[in-house]
Every structure is written in C-alpha cells, then in structure tokens.
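# Survey of secondary and tertiary structure
In case you want the letters, here they are:
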Amino acid sequence: MAQIDFRNKINWHRRYRSPQGVKSEHEILRIFESDRGRIVNSPAIRRLQQKTQVFPLERNAAVRTRLTHSMEVQQVGRYIAKEILSRLKEQRMLKAYGLDELTAPFESIVEMACLMHDIGNPPFGHFGEAAINDWFRQRLCPSDAASQPLSDDRCMVKALCLREGEEPLNDLRRKVRQDLCHFEGNAQGIRLVHTLMRMNLTWAQVGCILKYTRPAWWQGEPPASHDYLMKKPGYYFSEEAYIERLRKELSLSPFGRFPLTWIMEAADDISYCVADLEDAVEKRIFTVEELYQHLYDAWGHHEKGSLFAQVVENAFEKSRSNSFSHSTEDQFFMYLRVNTLNKLVPYAASRFIDNLPAIYAGEFNHALLEDDSSFSQLLELYKNVAMHHVFSHPDVEQLELQGYRVISGLLEIYRPLLQLTTEAFSELVEKERIKRLPIETRLFHKLSTRHRLAYVEAVSKIDRQSPSWPVMEFYYRCRLIQDYISGMTDLYAWDEYRKLMAVE
Ligand SMILES: Nc1nc2c(ncn2[C@H]2C[C@H](O)[C@@H](COP(=O)(O)OP(=O)(O)OP(=O)(O)O)O2)c(=O)[nH]1
Ligand SMILES: [Mg+2]
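- Under an unreviewed UniProt entry, the protein has the name Deoxyguanosinetriphosphate triphosphohydrolase and belongs to Pseudenterobacter timonensis.
- Annotation of the protein in UniProt includes, under Function (unreviewed entry), the sentence "dGTPase preferentially hydrolyzes dGTP over the other canonical NTPs."
- We quote the UniProt Subunit (unreviewed entry) comment for the protein here in full: "Homotetramer."

## Re the overall build of the protein
- Secondary structure assignment for the protein yields 22 helices and two strands.
- Radius of gyration (C-alpha) of the protein: 24 Å, near the 23 Å computed for a compact globule of 504 residues.
- Its C-alpha atoms put the protein at 75 × 60 × 40 Å along the principal axes.
- Split into buried and exposed, the 504 residues of the protein put 57% on the buried side.
- Counting contacts in the protein only where the partners sit at least 6 residues apart, residues at least 24 apart contribute 73% of the total.
- A total of about 22,300 Å² of accessible surface is found on the protein, and carbon and sulfur atoms cover 50% of it.
- Measuring between centres, the 65 positive side-chain charges of the protein sit 7 Å from its 69 negative side-chain charges.

## Description of the UniProt feature "domain: HD" (unreviewed entry) in the protein
- As annotated in UniProt, the feature "domain: HD" (unreviewed entry) corresponds to residues 66–273 in the numbering used here.
- Structurally, residues 66–273 comprises 52% helix and 2% strand, and the distance from its first C-alpha atom to its last is 14 Å.

## A look at the site of ligand 1
- The immediate surroundings of ligand 1 are formed by 16 residues, with Gln53, His126, Tyr212, Lys232 and Glu400 found nearest.
- Side-chain polar atom of Gln53 to an oxygen atom of ligand 1: 2.6 Å apart, as the coordinates give it.
- Take Glu400: an N or O atom from its side chain is 2.6 Å from a nitrogen atom of ligand 1.
- Protein contact buries 84% of the 630 Å² of open area that ligand 1 shows by itself.
- If you map ligand 1 onto the pockets, it falls in the largest pocket.
- A total of three residues in the shell around ligand 1 trace back to one element, the largest contributor, which is helix α10 (residues 261–282).
- Of the residues assigned to the shell around ligand 1, the class counts are five nonpolar, three polar and eight charged.

About the criteria used
- Residues numbered from 1 in each chain as written.
- Chains lettered and ligands numbered in written order.
- Predicted model: local features only at pLDDT ≥ 70, side-chain atom pairs only at ≥ 80, totals over all residues.
- Heavy atoms only, no water.
- UniProt positions renumbered as here; feature names shortened; annotations may be inferred.
- Helix = DSSP H or I, 4+ residues; strand = E, 2+ residues; numbered from the N terminus.
- Rg over C-alpha atoms; globule rule 2.2 N^0.38 Å.
- Buried < 20%, exposed > 50% of the residue type's maximum accessible area, 1.4 Å probe, protein only.
- Contact = heavy atoms within 4.5 Å.
- Areas by Shrake-Rupley, 256 points an atom, 1.4 Å probe, with all protein chains shown as cover.
- Lys, Arg positive; Asp, Glu negative; His and termini not counted.
- Charge placed at Lys NZ, Arg CZ, Asp CG, Glu CD.
- Near = heavy atom within 4 Å.
- Polar contact = N/O pair within 3.5 Å; in protein donor to acceptor, adjacent residues only side chain to side chain.
- 1 Å grid on protein atoms, 1.4 Å probe; cavity = no way out; pocket = protein on both sides within 12 Å on 5 of 7 lines; lining within 4 Å.
- Sits in = over half its atoms within 2 Å of the grid points.
- Nonpolar A, V, L, I, M, F, W, Y, C, P; charged D, E, K, R; others polar.

Structure (structure tokens):
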C-alpha cells in the first residue's frame, strides 16, 4: 500500500482558474476559506431549509429540515475531525502523515462536506427518488436492454431501443437507459456542485462528497471487495469525465473513496439517529417515556454497565432527577445526545486511525460505525426504533405517498417535452417559442435558466452528424427534467403540482 501522505490527498487545485505554484500554509488555508464562502452562500444550501429530513411539509419550525440537520452533521464532523487530529498529534504522527500543516484544511473539508452532504436530495427524500426512478423505469425499461435487441422491447423512446447490428451504439443505449433510471441524491449532489452550480470547488472538497463510487449506469453486482462503497450510485454518465479527472487529482483507485468521506458519513449517522427520535417526540408520535420503553425493549439483553445503561438509561434517569428547570423532554435529549456523542465520536475516531492504511487507500469497505461493537449496536438501536415507530407512523406514510404522487405528477406534466423529436426540441431550445407547440413552449419556459444552460452546453459538444446524437440529446433532455424537478423544494413542488393540476 502507498505510504500515507495527506499532501497527496488534500489537493487545493480547482478545475477552472486554479491557483498555481507552491503555496504556503497560510495561502492554502485561504483557498479553503474561499471554498467555505462558495458553499455557505450557495442557493442550493439555502434550499435545504425547505426539504424533508423525515417529516414532509412540516410547519413546526422546531422539527428538523435538511438544513438544520446538515448544520448538526457539520458540528459532529468537526468534532470527529478534531478528535482524530488531536490523537495523531499526541502520537506525534501528524508530520509522518503529511498533516502537520494541513490540520485546518482537514477540518474545513470535513465540515463543508457535512454541510453539503444532502445537497442533491430531491423533494420528499427517498420517496422523491423512488418516484423519479419508477417513472423513468416504466418508460425506458432498462432490464429489456440488458441483453440482445428484443422485438418486444418495452422502451417507449425509439432512439433508445436496441437494434440488430448497431453494437457500439447499443452499448450507449444500454448505458443511458440504466443511468436515467438510477437517480440518486448523492450523484445529483456531484452534478449540482460541478455541472449545474459551477461552484468550482477544490478537488479535495468535491472528493469528500463522493460518498458512493458506483457509476449510475453500472449493471450487475459490484465486486465483493467494494460492495459497501458501491452500495448505491454515486455519479452519473454526464459527470463521467469529470469524475475520472477527480480520481487522478486525488490519486483514487477505480472504485476507491476519498479518505475524509468516512468522517462525513459517520457524522451523518450519529446526528440523524438521535435527532429523528427527538423530532418524533416534538411531533408527539411518542412521549419520552414511551420512547425509552421502545429503546429498552429493542436493546434486548440488559447487563449492568452496558453501553445502553451508560448512554440511554443514564440520560433517562438524569432527566427525571432534575426536571425543575427544563422540560423533561429537553433534558432527556440533551443528555442522550451528549452521552451518545461522547461514546460514538471517540469510537469513530479510533476506527479511522486503526484502519488508516485502508482508508487512505480508499478501500475500507465499511462505514466507521458498522461493525460488531456495542457502539454500532447502539446506532442500530436508534435506527430500528425510528424505522418501526416513526417512519411507519400513518401520518408520515400518508405524506410520503402524497410526495410520491406530487413528483410522479410533475414528471407527467412535463412529459410533452420528452415526447418531442430531437429536431423539434432543438428548434424549441433555439427559438424559445414555437407556435405549433403551445404547451411545450410554455413548459419549456418554466424550466430554470441554470438547468437549460447546462443542457445547451452539454449538447453543444456532441457532433450532430454522429449516430449517437439522438441518444445523447435525449439523455441530456431527461437530465434537464430530472435536474429541474429534483432541484425543487418540497413546498415548491407541492405548489407547482397543485397549480398545474388546476386544483386551485
Ligand atoms: N420519513 C422517512 N424518513 C426516512 C426513511 N428512511 C430514512 N429516513 C430518514 C432517516 C434520516 O433522517 C434520513 C437518512 O438520510 P438519507 O435520506 O440521506 O439516507 P442515508 O443517509 O441513510 O443514505 P445515503 O447513504 O445518504 O444515501 O432519512 C423513511 O422511510 N421515511
Ligand atoms: Mg444522506
């Protein structure tokens, strides 16, 4: 394995107009401060304030949104990063790992990746994702393209149907059909940061949000050595060349991950597991007493001094013993959060350090908090109780079904744009108004300029005489629709849907 030297990973260059030459510690710090400014001031971050964490369309402002959740993840990520760096300092390993002048960028990259980690999530979270994928799957049937050209290929788009004897083109058709049916929040995040918002962040900062390393067009099982890292799609065909360059810039192996990404992932896991339970109490899905009982029952085996006793039981007892100054609920969650962090953060830090060679190489095929320790068991406990008692609550499921319906409905409304021929759509893009296409013209005007420009730029690079032109044009047109709909906030999607369905 390569020698650990973080100077080869914390690459402060940018894709465009990159700083050049040798940089001092101070100058490198400034580059990462610039990344922070670009991220914090981005409208995509602000949109997270109206996106679902667990409860769609929530009016109670004390319940978390994706934005308030992301701020908490940022704080936990910073805590883990500091813990790792302090330990390495005590072990006098900072210099050996090339980190002695890079501790501040290390922390900053983790923090900002945490703040951005959900930036590509569509409205209504996983239900929005499922709605997009189901809708495209029903029309493109990627499974029919998996083998030879079929006479009964159910794909509704002519340009994407496989044809005898058109082999290289058929491969492209397979790839496109697969890719478009694997919309994923993390992959959309990469697209947003690079292609749509053109934030031009440092390579290291983007590398840190590449959570999964499977291309969206991947078919079949991922290799066992990378089955965790390739659990979900991490980037699209449209960003293939960019990711290839990113890999070179960060010395990443083909399906390897950037080392600091494991910290972002652990911070997310630690944050949401307690927060989701707290939100459920705020929403009166259960009381603290009922929650405690659920946790107690689900833990099963109770032994004196267990992690459950140290964290959950301790929080419960403390919150009852001094309930005069605050509400029991606030007290319970304060202690539960503090106890949980005090156990899980040091554990995540030691897992990172103990597995540093594999993590540095990008090949550690697990989450930091995924092993058979009691620490991972505690995290699982919180998630299981949330799964059984919160996500499955009738009100939550009702709203999720509505969210699914809204996203499918919006796709249906915009379908006329996908039904135009390549020639007709190209004419519409060029002239922006075509008399014989009144509906398509009006739908086209509703798309955001940023997304339209990304489409125009992508198709401008394709040779219109090449046989792949209609395939690629249609690909980018679908991306355009997915960009537009996934970029909406929950509330915006809801309002748009009602307006366009003319129900008010
Ligand atoms: N309402 C609802 N929320 C859910 C459900 N499953 C998970 N959640 C919540 C729990 C967490 O607050 C949050 C999990 O975050 P993400 O949606 O980003 O997924 P996760 O981080 O697990 O996966 P990722 O690796 O980022 O794709 O979503 C569900 O079925 N319904
Ligand atoms: Mg996530």
